[in-house]
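# Descriptive structure summary
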Amino acid sequence: MDKMEEKVHQLLEQFSENLPHLSDGRIDYSNSDIAPVLTVFISFHKQLLLLKRSDKVRTYKGKWNTVAGYLDNPHQTLFEKVLEELHEELSINRDQIASYSLGQKYEFTDKNNGKTWIVHPVLVSLSEKPNITIDWEHTTYIWIKADDIYEYDTVPNLKESMKRALKLASN
């Protein structure tokens, strides 16, 4: 386990000790004012995938986002969580991933919902353009150039997450 994974594991252990759990054992962040999340940018041939959130999600309805999810299982590695979210939200499998890298995490508080998010940005590059199958969390998707993200009404701080994820690709 590398240092970054170890820090995330320690963070999840703390949340696991202090918060209730769902029936399947995952940490329940419903009534917590802070939550660690994963924001996964999917890249193929210098384009990024954006997804429009549906009206069925709890937060940020109708906003553009990437694949995202709570870090809610202290027994799961970050890469396992990335795979879970990609498969769940888009039907993308491990064999379609060419590379994976984790950007620098950061925190921000959304004043509209009073929640502090501990964001772990991730960049996943695909080896082939997938046939996207979106789940109930999204209504549509679009492939864009990174600079075009400013034209979209995104979830809070998505642009900051993108910068942190893409910084890895440019180094």
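One can find the structure itself at the top, above this paragraph.
For the structure given in this document, a descriptive report is provided here. Please read all numbers here as calculations on a predicted model, not as lab measurements.

Take the environment of A68 next. Structurally, A68 can be placed in strand β4 (residues 67–70). Spatially, the C-alpha atoms of A68 and F41 are 8.9 Å apart, while their sequence positions differ by 27 residues. Beyond its immediate chain neighbours, meaning those up to four positions away, A68 contacts L38, E85 and E89.

Quick look at the nonpolar core now. By size, the foremost hydrophobic cluster in this structure holds 50 residues, and its most contacted members are V40, I42, L86, L90, V124 and L126. For V124, the residues in contact, after removing those within four places along its chain, are V40, F41, I42, S43, V82, L86, I97, S99 and Y100.

For an α-helix, 3.6 residues make a turn, and residues three or four places apart therefore share a direction. Here helix α2 (residues 78–90) spans 18 Å end to end across 13 residues, near enough to the 18 Å set by a 1.5 Å rise per residue. The complete set of buried residues in α2 reads L78, F79, K81, V82, L83, E85, L86, E89 and L90. Downstream of α2 by a residue or two, S91 has a phi angle that is positive, lying close to 65°.

Next up on the list: helix α1 (residues 3–18). For α1, built from 16 residues, the straight-helix expectation of 22 Å at 1.5 Å per residue is met to within 8% by its first-to-last C-alpha distance of 23 Å. Buried within α1 are the following residues: E5, V8, L11, L12, F15 and S16. Within α1, the buried residues cover an arc of 140° as seen down the axis, which keeps them to one side. The exposed set on the far side of α1, more than 90 degrees from its buried face, consists of K3, K7, E17 and N18. Residues of α1 that are buried make contact with β1 (34–44), α2, β5 (97–102) and β7 (115–126).

Definitions and cut-offs
Residues numbered from 1 in each chain as written. Predicted model: local features only at pLDDT ≥ 70, side-chain atom pairs only at ≥ 80, totals over all residues. Heavy atoms only, no water. Helix = DSSP H or I, 4+ residues; strand = E, 2+ residues; numbered from the N terminus. Contact = heavy atoms within 4.5 Å. Core = buried A, V, L, I, M, F, W, Y, C linked by side-chain atoms within 4.5 Å. Buried < 20%, exposed > 50% of the residue type's maximum accessible area, 1.4 Å probe, protein only. Expected span 1.5 Å × (residues − 1). Arc of directions from axis to C-beta.

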